[in-house]
Amino acid sequence: MRRRDVLKVALAAAAVANYSAAAAFLSTYGPAPLDRPQPYQGQLRPASPPPDMAAFRIPTGLNHRTAAFAYRGGAFSDQRDSVSTAVLVTHPRGDLLIDTGLGRQIDSQFLLLPASLRVLTQYRKIGAAADQLDAAGYDRTALRGMLLTHAHWDHTSGVADFPGVPVLLPQSERDFIAAGGAFTQFISNTANVNYQVYDFEGGPYLGFPKSHDVYGDGSLVVVPAPGHTPGSVITFMTLPDTRRFALVGDLAWQREGITDLEERPWLARLQDDTDPRQVRDNLLRMSAVAQRFPEMILAPAHDARGVDQLPLLS
Ligand SMILES: [Zn+2]
Ligand SMILES: [Zn+2]
């Protein structure tokens, strides 16, 4: 073979290899549902939310995404904004903010993130939770704490806006923050955070091995759901109108992760989950619960369809 032909063959081989690699990569965005588990066999646990308990959504911002980014089988043509919405729970035993969304300092905090994430993220600010609470005339002394679904940047940006208010989290998430990492830098760079570690003193709850009953009345029960981060949790909330929510954090980015048992695409699992196998186990647990109680409102932190069923704070 002449030298030029060798070059041609080499180039063709490289093109085929690249094509194969590209095809293999794209296939990781295709559907691959997990085997559906048996529905959870037990009953709902009783809850006695006081009549004056309430929950509100506080939309702080969003990222423009597509469904393909969120779960396998999602379409690249399906525009699906990834919302950052804090939830305010008001309760006679002290109010809680579940996650904080994008806070007042998001623009400067954002520069802390790795360039690889920044180029993929176009956030749009709606308003910091602190500003929205102030505008509504909310009395901040009623705030007992900020309960984190997990410590990633888009959930903790607003912690700095509530100096002194306790940040409630399990020890494993506290350790995750202390270990340092690109995605927890917002909270690790916040001065004088008042961390309060809670234990899972309660027994099994809806198929999860242990639980923490925040108010002692069953209205807000937290269970460990590690994998996305070591101390990720799911919060089961029961409101006085009997509606039950599963605030699943980033266990799934959109509810199809649970309803269709579609994991995050491979690259997202690699970059964003500390233990994808644990995420899978907890998706299966949560799916078993959702099948048994289809009236339960699934509220992944970034899926507007769940949190939008809570009223706006006014
Ligand atoms: Zn996250
Ligand atoms: Zn998130």
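Residues numbered from 1 in each chain as written. Chains lettered and ligands numbered in written order. Predicted model: local features only at pLDDT ≥ 70, side-chain atom pairs only at ≥ 80, totals over all residues. Heavy atoms only, no water.

*Asks:* Sorry, what's going on with the side chain of threonine 100 here?
*Replies:* As for its position among the elements, threonine 100 is in the loop between strand S3 (95–98) and helix H3 (106–110). There is a polar contact of 2.9 Å between the side chain of threonine 100 and the backbone oxygen of histidine 155. Apart from the residues lying within four places of it in its own chain, the contact partners of threonine 100 are Thr60, Ala86, Ala129, Met146, His155, Thr156, Ser157, Gly158 and Val159. (Helix = DSSP H or I, 4+ residues; strand = E, 2+ residues; numbered from the N terminus. Polar contact = N/O pair within 3.5 Å; in protein donor to acceptor, adjacent residues only side chain to side chain. Contact = heavy atoms within 4.5 Å.)

*Asks:* Looking at this structure, how should I read the sheet that holds strand S5 (residues 143–147)?
*Replies:* Strand pairing in a sheet relies on backbone hydrogen bonds, with the paired strands running either antiparallel or parallel. The strand order S4-S1-S2-S3-S5-S6-S7 describes an open sheet built from seven strands, whose pairing is mixed. The open sheet terminates on both sides in strands that have one partner only, identified here as strand S4 (123–125) and strand S7 (195–198). Averaged over all pairs of adjacent strands, the angle between strand axes in this sheet comes to 30°, irrespective of strand direction. Bridging between strand S1 (residues 54–63) and strand S2 (residues 82–90) involves nine bridges; their strand directions are antiparallel. Within S2, the position partnered with phenylalanine 56 by the bridge is leucine 88. Helix H7 (residues 171–178) rests against strand S6 (167–170) and S7 of the sheet, and its axis sits at about 105° to S6. (Pairing = 2+ DSSP bridges. Axes fitted to C-alpha atoms, helices over the stretch in contact; angles between N-to-C directions.)

*Asks:* When you look at H7 in this model, what are you seeing that I'm missing?
*Replies:* Since there are 3.6 residues in each turn of an α-helix, residues three or four apart along the chain are aligned in direction. Residues Glu173, Phe176 and Ile177 constitute the buried set of H7. The arc that holds every buried residue of H7, seen down its axis, measures 100°, which confines them to one face. Considering only its buried residues, H7 is in contact with S6, helix H8 (185–188) and S7. Positive phi shows up at glycine 180, right after H7, with a value of about 80°. (Buried < 20%, exposed > 50% of the residue type's maximum accessible area, 1.4 Å probe, protein only. Arc of directions from axis to C-beta.)

*Asks:* Looking at this structure, I do not really get the coordination of the zinc ion (ligand 1). What am I missing?
*Replies:* Octahedral metals with six donors have ideal donor angles of 90 or 180 degrees. Tetrahedral metals with four donors have an ideal donor angle of 109.5 degrees. Coordination of the zinc ion (ligand 1) by the protein involves His150 (NE2), His152 (ND1), His228 (NE2) and Asp250 (OD), with metal-donor separations of 2.1 to 2.3 Å. Coordination at the zinc ion (ligand 1) is irregular: its four donor atoms span angles of 89 to 170° at the metal. In terms of primary sequence, the donors binding the zinc ion (ligand 1) are separated according to H-x1-H-x75-H-x21-D. (Donors = N, O, S within 2.8 Å, 3.2 Å for Na, K, Ca; no water. Tetrahedral: all angles 85-135°; square planar, octahedral: opposite > 155°, others 65-115°.)

*Asks:* Hey, could you run me through the coordination of the zinc ion (ligand 2) in this one?
*Replies:* Coordination of the zinc ion (ligand 2) by the protein is provided by Asp154 (OD), His155 (NE2), Asp250 (OD) and His302 (NE2), with metal-donor distances spanning 2.0 to 2.5 Å. Around the zinc ion (ligand 2), the four donor atoms are arranged such that angles at the metal cover 83 to 160°; this shape is classified as irregular. The motif formed by the donor residues of the zinc ion (ligand 2), counted along the single chain, is D-H-x94-D-x51-H. Between the zinc ion (ligand 2) and the zinc ion (ligand 1) the interatomic distance amounts to 3.4 Å, and aspartate 250 serves as a bridging ligand to the pair.

*Asks:* What should I look at first to understand the side chain of arginine 57 in this one?
*Replies:* Note that arginine 57 resides in strand S1. Within the local environment of arginine 57, its side chain forms a polar contact with the side chain of aspartate 308, the two groups lying 3.3 Å apart. The residues contacting arginine 57, other than those within four sequence positions of it, are Thr85, Ala86, Val307, Asp308, Leu310, Pro311, Leu312 and Leu313.

*Asks:* I keep staring at the packing of aromatic side chains and nothing clicks. Help me out?
*Replies:* Remark: the centre distance and the inter-plane angle together describe each pair of aromatic rings, the angle taken between the planes. Evaluation of the coordinates by the stated rule reveals 11 aromatic pairs. A centroid spacing of 6.4 Å and a plane angle of 55° characterise the contact between tyrosine 40 and phenylalanine 293, whose relative ring orientation is tilted. In this pair, tyrosine 40 sits in the loop between helix H1 (3–27) and S1 while phenylalanine 293 sits in the loop between helix H11 (276–292) and strand S12 (297–300), placing the two residues 253 residues apart along the sequence. In this structure phenylalanine 293 comes out as buried when scored by relative accessible area, which is 5%. Centroid distance tyrosine 198 to phenylalanine 200: 5.5 Å. Interplanar angle 85°. Geometry classified as edge-to-face. (Phe/Tyr/Trp six-rings, centres within 6.5 Å; stacked < 30°, edge-to-face > 60°.)

*Asks:* Explain a nonpolar patch on the surface to me, please; I cannot follow it from the model alone.
*Replies:* Nonpolar side chains collect at one region of the surface, where Phe25, Leu26, Phe76, Trp266 and Leu270 lie side by side and expose about 530 Å² of accessible area between them. Broken down by secondary-structure element, the contributors of at least two residues to the nonpolar patch are H1 and helix H10 (266–272). Secondary-structure assignment places leucine 26 in helix H1. For leucine 26, a relative accessible area of 52% corresponds to the exposed category. (Patch = residues over 30% accessible without salt bridge, like charges linked within 9 Å, V, L, I, M, F, W, Y side chains within 5 Å. Areas by Shrake-Rupley, 256 points an atom, 1.4 Å probe, with all protein chains shown as cover. Salt bridge = Lys/Arg side-chain N within 4 Å of Asp/Glu carboxyl O.)

*Asks:* Even after reading the chapter, I still don't get the nonpolar core, so can you show me in this structure?
*Replies:* One recurring pattern in soluble globular proteins is that nonpolar side chains are buried together. In this structure, Leu147, Leu220 and Met237 are the most contacted members of the largest nonpolar core, which totals 25 residues. Contributions of two or more residues to this core are made by S1, S2, S3, strand S9 (220–224), strand S10 (233–238), strand S11 (244–249) and S12. Take this core: its biggest share by element is three residues, from S2. Contact partners of methionine 237, with chain neighbours within four places excluded, come to Met53, Ala55, Val89, Ser219, Leu220, Arg243, Arg244, Phe245, Leu247 and Leu310. Within the second largest apolar cluster, 21 residues are counted, among which are Ala225, Ala252, Val279 and Leu298. (Core = buried A, V, L, I, M, F, W, Y, C linked by side-chain atoms within 4.5 Å.)

*Asks:* Please explain the pattern of salt bridges as it appears in this structure.
*Replies:* Think of it this way: side chains of opposite charge can pair up when their charged atoms draw near. The final tally for this structure, using the stated rule, is 12 salt bridges. With its nearest N and O atoms 3.3 Å apart, the salt bridge here joins aspartate 308 to arginine 57. With aspartate 308 in the segment after helix H12 (304–307) and arginine 57 in strand S1, the pair connects residues that are 251 residues apart, well separated along the chain. For aspartate 308, a relative accessible area of 42% corresponds to the partly exposed category. In this structure, the salt-bridge partner of lysine 125 is aspartate 107, at a minimum N-O distance of 2.6 Å. With lysine 125 in strand S4 and aspartate 107 in helix H3, the pair connects residues that are 18 residues apart, well separated along the chain. On the basis of relative accessible area, lysine 125 is assigned to the partly exposed category, the value being 46%. Note on aspartate 107: relative accessible area 39%, which makes it partly exposed.

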